[in-house]
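A closer look at the structure
So you can see what is in the structure, the chains are spelled out below.
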Amino acid sequence: MAITGDLITAGVAALDVLTGALQYLSFAVLLLIAGVVFGLLARRYVVVDYFQRRTAGAPVPAS
């Protein structure tokens, strides 16, 4: 994932269109977009619990 971030940074720097505060603002907007996408994906995440309860008197499985 870090390689992708480095590529985006290098691409924006190579364009040399955005300078100063506008460049920082563009990265903030990209981060906001990534956060929204992550939030939408996280809302659809289903927690799966693999914990199994033992019934009383059942033998403990060997590790």
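A brief report on the enclosed structure follows. Since the structure is predicted, the reported quantities are computational estimates derived from the model, not experimental observations.

**Description of the overall build of the protein**
The helix and strand inventory of the protein stands at two helices and zero strands. Dimensions of the protein along its principal axes, counting C-alpha atoms only, are 70 × 25 × 15 Å. Considering the protein as a whole, with its 63 residues, one finds that 3% of them fall into the buried category. Carbon and sulfur atoms provide 69% of the accessible area of the protein, an area that totals close to 6200 Å².

**Describing a nonpolar patch on the surface**
Taken together, the side chains of Ile8, Leu22, Leu25, Val29, Leu30, Ile33, Val37 and Leu41 present a nonpolar region at the surface, about 710 Å² in accessible area. Residue contributions to the nonpolar patch peak at seven residues, all from helix α2 (residues 21-43). Mapped onto the secondary structure, isoleucine 33 falls in helix α2.

**Observations regarding the environment of leucine 41**
Topologically, leucine 41 is positioned in helix α2. Each C-alpha atom of the pair leucine 41 and valine 17 lies 32 Å from the other, and the pair is 24 residues apart in sequence.

**With respect to the environment of tyrosine 24**
Following the sequence through the fold, tyrosine 24 ends up in helix α2. Taking the C-alpha atoms as reference points, tyrosine 24 and glutamine 52, 28 residues apart in sequence, are found 49 Å from one another.

Conventions adopted
Starting from 1, residues in each chain are numbered consecutively following that chain's sequence as written. Side-chain atom pairs in this predicted model are given and counted only at pLDDT of 80 or more, local residue features only at pLDDT of at least 70, and totals for whole chains, interfaces and linings cover all residues. Think of the side-chain values as coming from all heavy atoms in the structure, minus any hydrogens and water. Runs of H or I in DSSP of at least four residues are treated as helices and runs of E of at least two as strands, each being numbered from the N terminus. Partly exposed describes any residue whose relative accessible area lies between the buried limit of under 20% and the exposed limit of over 50%, with all areas from a 1.4 Å probe on protein chains only and scaled to the type maximum. Here the open area of atoms and residues is found with the Shrake-Rupley method and a 1.4 Å probe, where only the protein chains shown may cover a residue. A patch consists of residues exposed above 30% relative accessible area that lack any salt bridge, with like charges linked at up to 9 Å and nonpolar side chains (Val, Leu, Ile, Met, Phe, Trp, Tyr) linked at up to 5 Å. By definition here, a salt bridge exists when the distance from a side-chain nitrogen of Lys or Arg to a carboxyl oxygen of Asp or Glu is within 4 Å.

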